[in-house]
Amino acid sequence: MQNIVDFPEVLRLIDDRSAAFRAAIASAPDLDVQVPTCPDWTLRELAQHLGDGRRRQAAIIAAGPDAEPPARTDPKGALTAPRDREALDAWLAESTALMLDAMREAGSDRGCWTWWGRSQAPQTSGAVARHQIQELAVHTYDAQLTQGAAQPLPTDVAVEGVDEFLTTVAATTVPWPFKPATIDLHTIEGRSWRLTLNADGVRCDDLAADAEPGDMAMRGAASEMVLYFYQRVPLDGLETTGDIQPMEQLAEWDPNAY
């Protein structure tokens, strides 16, 4: 499968979603309110997570393929993000800039540590960059939702996000432990994919126009799909046909436990 967008566009989308997240934080009346979709965190802790996480990714990319990742930072630990609003905005912007600089320096094909070694996504800075769009996009949605002003993910981000999730998070070489199945996913924006779940694992491919229908089909806006994948919205917002059990099993299955 070919990436939907090229590396410079991936970096632009990261910068765009970073700016949207900072805008949501800047407009929040209170940063100490609970985030409904991340109930263990406040908005301030979400901002801490985003800033620290981008700095961690910058270090991972700069270290190259043979380095172990730096430890994760607990957003409920000592807050390193500034409390002053203007200083917090500058700190968040700097966090993204550090990551983008590391990505530009490495280029899209340089190897680096990732957690998805058994997926279809390569272990490269380009693949990390693709995943970072979704980290920022979904947490921007979280921050907007906390203020009652959640917006759909932008179309280009969402369509890219469906493909990135299916090839990075859903796909695996771990054998599927349930009944073999095929799941077809159709976005109203025009892209379609097929997940094949069997003893070889979970595989994602572009859906051929002349393919016979799978065991289940899911249709809807790409934004709604991404938000469903990340457990921000229920399945109800998407049209489904056929047997939904494989999708429910996939949502609950942890291949890392095998």
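These numbers were taken from a predicted model, which means no experiment stands behind them.

Engineer: I would appreciate a short explanation of the pairing of strand 3 (residues 181–187) in the present structure.
Structural biologist: On any regular strand, side chains alternate: one points to one face of the sheet, the next to the other face. Among the 7 residues in strand 3, 7 count as buried, and that is most of the element. Side chains Ala181, Ile183, Leu185 and Thr187 project from strand 3 onto one buried face, and the interleaved Thr182, Asp184 and His186 project onto a second face that is buried too. As defined by bridge partners, strand 3 adjoins strand 4 (residues 192–198) across 6 bridges and the pair is classed as antiparallel. The residue bridging Ile183 from the neighbouring strand is Leu195, located in strand 4. As judged from the 5 bridges shared by strand 3 and strand 6 (residues 216–220), these two strands associate in the parallel manner. By the bridge assignment, His186 is partnered in strand 6 with Arg219.

Engineer: Mind showing me how you'd approach the pattern of salt bridges here?
Structural biologist: A side chain with one charge can pair with a side chain of the opposite charge if their charged atoms come near. Overall, the coordinates contain 16 salt bridges when judged by the stated rule. Here Arg22 and Asp89 are joined by a salt bridge, their closest N and O atoms 3.2 Å apart. You can see Arg22 sitting in helix 1 (residues 7–27) and its partner Asp89 sitting in helix 3 (residues 85–106), a full 67 residues away along the chain. Put simply, Arg232 and Asp142 hold a salt bridge, and the shortest N to O gap is 2.8 Å. Taken as a pair, Arg232 in the loop between helix 6 (222–229) and strand 7 (239–242) and Asp142 in helix 4 (residues 125–146) lie far apart in primary sequence, 90 residues in all.

Engineer: Could you clarify how one ought to interpret the packing of aromatic side chains in this entry?
Structural biologist: We describe a pair of aromatic rings using the distance from one ring centre to the other and the angle between the two ring planes. Under the criterion given, the structure shown has 6 aromatic pairs. Between Trp176 and Trp253, the aromatic rings sit 5.1 Å apart at their centres with planes inclined by 90°, giving edge-to-face as the arrangement. With Trp176 in the loop between helix 5 (155–170) and strand 3 and Trp253 in the segment after helix 7 (245–252), the pair connects residues that are 77 residues apart, well separated along the chain. A relative accessible area of 10% places Trp253 in the buried class. For the pair Tyr228 and Phe229, a centre-to-centre distance of 6.2 Å together with 55° between the ring planes defines the contact as tilted. What makes Phe229 buried here is its relative accessible area of 11%. Put simply, the rings of Phe165, Tyr228, Phe229 and Tyr230 pair up and form one aromatic cluster.

Engineer: How do you make sense of the pairing of strand 2 (residues 38–42) when you look at a structure like this?
Structural biologist: By the bridge criterion, 2 bridges tie strand 1 (residues 34–35) to strand 2 in an arrangement that is antiparallel. Counterpart to Gln34 in the pairing with strand 2 is Thr42. In this antiparallel pair of consecutive strands, strand 1 and strand 2, the connection spans 2 residues.

Engineer: For this particular structure, what's the right way to read helix 7?
Structural biologist: Two residues of an α-helix separated by three or four positions point the same way, owing to the 3.6 residues in each turn. If you check which residues of helix 7 are buried, you get Pro246, Met247, Gln249 and Leu250. The arc that holds the buried residues of helix 7, viewed along the axis, is 160°, so those residues lie on one side. Along its buried surface, helix 7 packs onto strand 3, strand 4, strand 5 (201–206), strand 6 and helix 6.

Engineer: How should the sheet that holds strand 3 be read in this particular structure?
Structural biologist: Two modes of strand pairing occur in sheets, parallel and antiparallel, and in both the strands are linked by backbone hydrogen bonds. Taken in spatial order, the 5 strands make up an open sheet running 5-4-3-6-7, and their pairing is mixed. In the strand order of this sheet, the two ends are held by strand 5 and strand 7, each with one partner. Averaged over all pairs of adjacent strands, the angle between strand axes in this sheet comes to 15°, irrespective of strand direction. Relative to strand 7, strand 6 runs antiparallel, the two sharing 4 bridges.

Engineer: Sorry, what's going on with the nonpolar core here?
Structural biologist: Across soluble globular proteins, nonpolar side chains have a tendency to be buried as a group. In terms of nonpolar packing, the biggest core is built from 74 residues, with Ile14, Met103, Leu166, Leu185, Leu195, Met218 and Phe229 touching the most fellow members. Considering every element that reaches this core, the biggest residue donor is helix 4, with 9 residues. Leaving out residues up to four positions away in the same chain, Phe229 has contacts with Val162, Phe165, Leu166 and Leu185.

Engineer: Explain the UniProt feature "domain: MDMPI C-terminal" (unreviewed entry) in the chain here, please?
Structural biologist: UniProt records the feature "domain: MDMPI C-terminal" (unreviewed entry) at residues 156–243, using the numbering of this structure. The span residues 156–243 is 26% helical and 33% strand by assignment, and the distance between its end C-alpha atoms comes to 29 Å.

Engineer: Quick question: what am I supposed to make of a negative patch on the surface here?
Structural biologist: Together, Asp215, Asp243, Glu248 and Glu252 give the surface a local cluster of negative charge. Its place among the elements puts Asp215 in the loop between strand 5 and strand 6.

Quick notes on the rules
Residues numbered from 1 in each chain as written. Predicted model: local features only at pLDDT ≥ 70, side-chain atom pairs only at ≥ 80, totals over all residues. Heavy atoms only, no water. Buried < 20%, exposed > 50% of the residue type's maximum accessible area, 1.4 Å probe, protein only. Helix = DSSP H or I, 4+ residues; strand = E, 2+ residues; numbered from the N terminus. Pairing = 2+ DSSP bridges. Salt bridge = Lys/Arg side-chain N within 4 Å of Asp/Glu carboxyl O. Phe/Tyr/Trp six-rings, centres within 6.5 Å; stacked < 30°, edge-to-face > 60°. Arc of directions from axis to C-beta. Contact = heavy atoms within 4.5 Å. Axes fitted to C-alpha atoms, helices over the stretch in contact; angles between N-to-C directions. Core = buried A, V, L, I, M, F, W, Y, C linked by side-chain atoms within 4.5 Å. UniProt positions renumbered as here; feature names shortened; annotations may be inferred. Patch = residues over 30% accessible without salt bridge, like charges linked within 9 Å, V, L, I, M, F, W, Y side chains within 5 Å. Areas by Shrake-Rupley, 256 points an atom, 1.4 Å probe, with all protein chains shown as cover. Lys, Arg positive; Asp, Glu negative; His and termini not counted. Charge placed at Lys NZ, Arg CZ, Asp CG, Glu CD.

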